[in-house]
Amino acid sequence: MVSKQQKQVVLKDYVRGYPKESDFELRSSDTNCVLSNGSRAVLLKNLCLACDPYMRHRMSDQVSHPGTIIKSYSPGSVLVGYGVCKVIQSTHPGFQEGDFVWGLTGWEEYTVIPNPERLNKISHTGVPLSYYTGNSSAEVKLYLTSEPARVPGCWFTGTGGIAAYVGFYNLCSPKAGETVYVSSACGGVGQLVGQFAKMMGCYVVGSASTEEKVNLSKTKFGFDDAFNYKEHDLAAALKRYFPGGIDIYFDNVGGKMLDEVIMHMKPHGRIAACGMISQYNLEEPEGIHNMFNVVVKSLEIKGFVETDFKHIYPEYLEFAIRHLQEGKLVYVEDIAEGLENASSALIGVFHGRNVGKKVVRVASG
């Protein structure tokens, strides 16, 4: 393969407010697919791409967090995010043609990675590869329809899985009998956190944006209860579901919800700040006004990125496989087919149109 005409999803310019279709371009590009002699690179065929909320943060021109993946995209460049890929060519001794990997890749059909050391090899190929965008599990059929397929399964591995595992177990130090509140309970991370909490013997309640998601949280993921935060007064709902207060809050939302939850935390409560999707599209982020409660209640709020915990990945992998085999983890994916639907799929995440983890399937393995 010397060169390849391929489709690519490009960010046209920095985004203001909610992203829209006009912020992106689906272009065709003649890409050089030759790996030079002496290089240590890989050519990847991209199979599945994750629509992750943090990507909106990278569409701003004021983002730079050294040492993390949170850096601004460049206007006119191909989007980059987590994906599952197949190695087509390799000049790196650690990768061979035919290997399946997951990691950061381009929103395009083929990507050359000049330094692939951060890619993760997929050894358990008997599970759906799409789940490695945040998951994996038993075989699952994907349906090519005008609407994204909603696919039940088990989240196995990937960044979202390790984020849920580290955020809940390592940062929140849960104990049996504690009360746990999970925002975005039906999202890629939240649905796992709720299941982890139930495994620990905790009482867990989640919130979501639709009744469909609320019902899914209770019937599929085993939450003790859940509510639609758009149709309920948040303060009243938290008082109703947590009359004695909240021990652990797993925060995927931030903003006004975080501000209110702080008021309902128990003394020595723990908050894992995993994401703040309510803030990503705002020109002026919302402030937190109830911070004095952090002092008087001796609360612990800990932010984190999963890349800081790569050393825990083998532990998580063993945990996930065991519970997968025992049927104790379930997962829901929302699949969009083809790069031509990628930008609308990503935009939909910020409007709550996804049910479960949003994934774009670019090609089969």
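This text follows the structure it describes.
Residues numbered from 1 in each chain as written. Predicted model: local features only at pLDDT ≥ 70, side-chain atom pairs only at ≥ 80, totals over all residues. Heavy atoms only, no water.

## Details of the packing of helix α5 (residues 234-241) against helix α6 (residues 255-264)
To keep it simple, the criterion reads: Structural elements are reduced to axes, namely lines fitted to C-alpha atoms, with helices fitted over the stretch in contact, and the angle between N-to-C directions of any two is expressed from 0 to 180 degrees. Secondary structure elements are taken from DSSP: a helix is a run of H or I of four residues or more, a strand is a run of E of two residues or more, and numbering for both begins at the N terminus. Here is the rule for handedness: rotate from the far helix to the near one, and if that takes an anticlockwise turn smaller than a right angle the crossing is left-handed, while a clockwise turn gives right-handed. The contact rule is simple, with two residues in contact once any of their heavy atoms fall within 4.5 Å. Here the term charged refers only to Asp, Glu, Lys and Arg, the term nonpolar to Ala, Val, Leu, Ile, Met, Phe, Trp, Tyr, Cys and Pro, and the term polar to all other amino acids, Gly among them.
Contact geometry of α5 with α6 gives a least axis separation of 10 Å together with a crossing angle of 35°. Seen from above, α5 lies across α6 with right-handed handedness. Taking contact as the criterion, the partners of Leu-234, Ala-235, Leu-238 and Lys-239 in α5 are, on α6, Met-257, Glu-260, Val-261 and His-264. For the contact of α5 with α6, the residue count by class is five nonpolar, one polar and two charged.

## Brief notes about a nonpolar patch on the surface
Heads up, the condition is: Two joining distances apply to patches: 9 Å for like charges and 5 Å for nonpolar side chains (Val, Leu, Ile, Met, Phe, Trp, Tyr), and every residue must have over 30% relative accessible area and no salt bridge. The protein chains shown are the only cover counted for residues, whose accessible areas, like all others here, come from Shrake-Rupley with a 1.4 Å probe. Between Lys or Arg on one side and Asp or Glu on the other, a salt bridge is scored when a side-chain nitrogen of the former is within 4 Å of a carboxyl oxygen of the latter.
On the surface, a cluster of nonpolar side chains totalling about 330 Å² of accessible area is made up of Phe-292, Val-295 and Val-296. Following the sequence through the fold, Val-295 ends up in helix α7 (residues 292-296).

## Focus on the nonpolar core
Condition: Take the buried residues of types Ala, Val, Leu, Ile, Met, Phe, Trp, Tyr and Cys, join any two whose side-chain atoms come within 4.5 Å, and each joined set is a nonpolar core. Relative accessibility thresholds used throughout: buried, under 20% of the residue-type maximum; exposed, over 50%; partly exposed, between the two (1.4 Å probe, protein chains only).
Within the largest apolar cluster, 39 residues are counted, with the highest numbers of intra-cluster contacts made by Phe-24, Leu-79, Trp-107 and Leu-346. Counting residues per element, this core draws most heavily on helix α9 (residues 342-349), at five residues. Not counting residues within four places of it along the chain, the set of residues in contact with Phe-24 comprises Val-9, Val-10, Leu-11, Lys-12, Pro-19, Met-59, Leu-79, Ser-343, Leu-346 and Ile-347. Counting 34 residues, the second-largest nonpolar core is a separate cluster that includes Ala-164, Cys-202, Ile-248 and Leu-329.

## Comments concerning the pattern of salt bridges
In a structure, side chains of opposite charge can pair up when their charged atoms sit close to one another. Per the stated rule, a full pass over the model turns up 12 salt bridges. As a salt-bridge pair, Asp-99 and Lys-121 come within 3.6 Å of each other at their nearest N and O atoms. Separated by 22 residues along the polypeptide, Asp-99 in the loop between β4 (80-90) and β5 (100-106) and Lys-121 in strand β7 (residues 120-121) bring together distant segments of the chain. Residues Glu-337 and Arg-361 are paired through a salt bridge, measuring 3.0 Å at the closest nitrogen-oxygen approach. Here Glu-337 is found in strand β15 (residues 331-337), whereas its partner Arg-361 is found in strand β16 (residues 357-361), with 24 residues between them in sequence.

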